[in-house]
Amino acid sequence: MQLLIDHLERRLWPTRTSALEPASRGLTAARYTFALLRDYLQGELSMRAMSLVYTTMLTIVPLLAFAFAVLKALGLHRELEPLLQGFMAPLGARGEEMSTRIVGLADHVSGSTLASVSMVVLLLSALSMAGQVEDAFNFVWRVDRPRRFLRRLSDYLSVILVGPLLMSVAMGLLATLASATATSWMRSIAPIGAWIASLHALTPYVLVVAGFTFLYLFVPNTRVRFAPAAIGGLFAGILWAGSGSLFTTFVVSVSRLEAIYSSFAIVIVAMLWLHLSWVVLLLGAQLSFYAQNPDCLRLGRRDESAGHALRERLALSVMLLVGRDFAAPGHGWRIESLAARLRVPRRLLDPVIVALTEAGLLTRSRGQRLVMARDPQQIEIRTVLDAVRRAGSDPYAAGEHLIPTIGALTGGIESAIRARVGDRSLADLVADTQREAQAPDGPPPPGESPGS
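Summarised in this report is the structure supplied together with it. Since the structure is predicted, the reported quantities are computational estimates derived from the model, not experimental observations.

Attention now goes to the environment of Tyr32. Relative to the helices and strands, Tyr32 is located in helix H2 (residues 25–41). Put simply, Tyr32 and Arg298 are 266 residues apart on the chain and 9.3 Å apart in space, counted from C-alpha to C-alpha.

Quick look at the structure:
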């Protein structure tokens, strides 16, 4: 399988720079399909989906009980039952029975115990479920840091409280549109009445796509643009609807399951359906990530690290681009724009940006743009080089354990670099590039200064 994946990768990306070059629509579609299949076959998405199935089985009743408690106060708690029945529809006749039992149990819990200390248990269960989903989405989006606790609490509570309310209102509108009276009234409107009335059959799928798109926008602890989230939501919505139809056929055909597992058969079938649903949701999130970061299509989750020489050139280039706009109003660069300008994958640029930020050379504006942390005249070029060369903690960075001959050689290299750079600041580097751009013969040959 790995040999096949490597062969397909070489065919789809003949060179290392192919990921940054425009491609035809057919080749682009083949690359996205290959990337999603490769990520699924590697097993990490499936493992995350299994973990979410376990969490869902443990927290589904407390989560619904909490949602029922909110909706019951507004008199809308029964609007949630059709939504659960729609999700369980691929399970066949047993799915309706299972959804009725879950709703009955959740309704009983919400009515009898929410006034006691169990309310805290239900709230923690709901927050745990939301936290597991965020961890899975952060894994897809390569985000190492989750939300802070207070932000998690506020964001999750807002979704848990407002989400069921919005869904119940949407389901009520759906029922109204599907009624015979409303359908007859809409059909009487000429000339587009029949067309409008026929669209109500697509409304459940539109709600699913909208729900998936909202999750892809909201859950990851990073900035997700609307277009990639909508692409992932549309893909996941269509895939979920199609897989539901196939799963229904599978449940009907495998009648021997009940003979072997008896009453446990519905639980096993429900776990299989939950696993398939979570896989679809994570594949949609993966597609959203690739749509926003197409340079990651070729490598997937494999790490591609830059050497020290490339890191130094990237650091100087980033500081030069940001420093040139220091005095411009509304200045600042996004990392995506820097990666496109320098024609390198963003994953190579991220550690350089982190090193420059931790060194106090760059900072982020309110619009999440990279700006200078201080005046370019106060930033020496050797400070920029030191920031990326000494990024991270290295107990052997001082060189105390090196062979004396090697220590003398590396010390001479450091001295040569410092002598070549001198006390030049970032402002001097910006001035040099401006003079090169204004020179009639272009920039001087490599190794020569602009004034030589």
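The next point concerns empty space enclosed by the protein. With the rule as written, the count across this model stands at 2 cavities of 30 Å³ or more. There is about 50 Å³ of room inside the largest cavity. Around the largest cavity sit Arg382, Leu385, Asp386, Arg389, Glu414, Ile417, Arg418 and Val421, which together line it. Going through the elements one at a time, helix H17 (381–389) and helix H18 (404–421) are the ones with two or more residues in the lining of the largest cavity. In this structure, the second largest cavity spans a volume of roughly 40 Å³. Forming the walls of the second largest cavity are Asp39, Gln42, Glu44, Leu45, Phe139, Gln286 and Arg301. In the lining of the second largest cavity, the residues fall into 2 nonpolar, 2 polar and 3 charged.

Bringing the environment of Val352 into the picture now. Along the polypeptide, Val352 turns up in helix H16 (residues 346–358). By relative accessible area, which is 0% here, Val352 ends up buried. C-alpha separation for the pair Val352 and Ala387, spaced 35 residues apart in sequence, amounts to 8.8 Å. Setting aside residues up to four positions removed in sequence, Val352 forms contacts with Arg311, Leu314, Ala315 and Val388.

The subject of this paragraph is the packing of helix H14 (residues 308–324) against H17. Where H14 contacts H17, the two axes come as close as 9 Å, and the packing angle between them is 130 degrees. In terms of orientation, H14 lies oblique with respect to H17. The handedness of the crossing between H14 and H17 is right-handed. Residues Arg311, Glu312, Ala315, Leu316 and Met319 of H14 touch H17, and the partners they reach there are Ile381, Val384, Leu385, Val388 and Arg389. Of the residues assigned to the contact of H14 with H17, the class counts are 7 nonpolar, no polar and 3 charged.

Each value, and the rule that gives it
Residues numbered from 1 in each chain as written. Predicted model: local features only at pLDDT ≥ 70, side-chain atom pairs only at ≥ 80, totals over all residues. Heavy atoms only, no water. Helix = DSSP H or I, 4+ residues; strand = E, 2+ residues; numbered from the N terminus. 1 Å grid on protein atoms, 1.4 Å probe; cavity = no way out; pocket = protein on both sides within 12 Å on 5 of 7 lines; lining within 4 Å. Points joined across faces, edges and corners; volume = space filled by probe spheres on them. Nonpolar A, V, L, I, M, F, W, Y, C, P; charged D, E, K, R; others polar. Buried < 20%, exposed > 50% of the residue type's maximum accessible area, 1.4 Å probe, protein only. Contact = heavy atoms within 4.5 Å. Axes fitted to C-alpha atoms, helices over the stretch in contact; angles between N-to-C directions. Parallel < 35°, antiparallel > 145°, perpendicular 65-115°, else oblique. Left-handed = near helix turned anticlockwise from the far one by under 90°.

Note that every value here comes from positions in space, so none of it alone points to a role or purpose.
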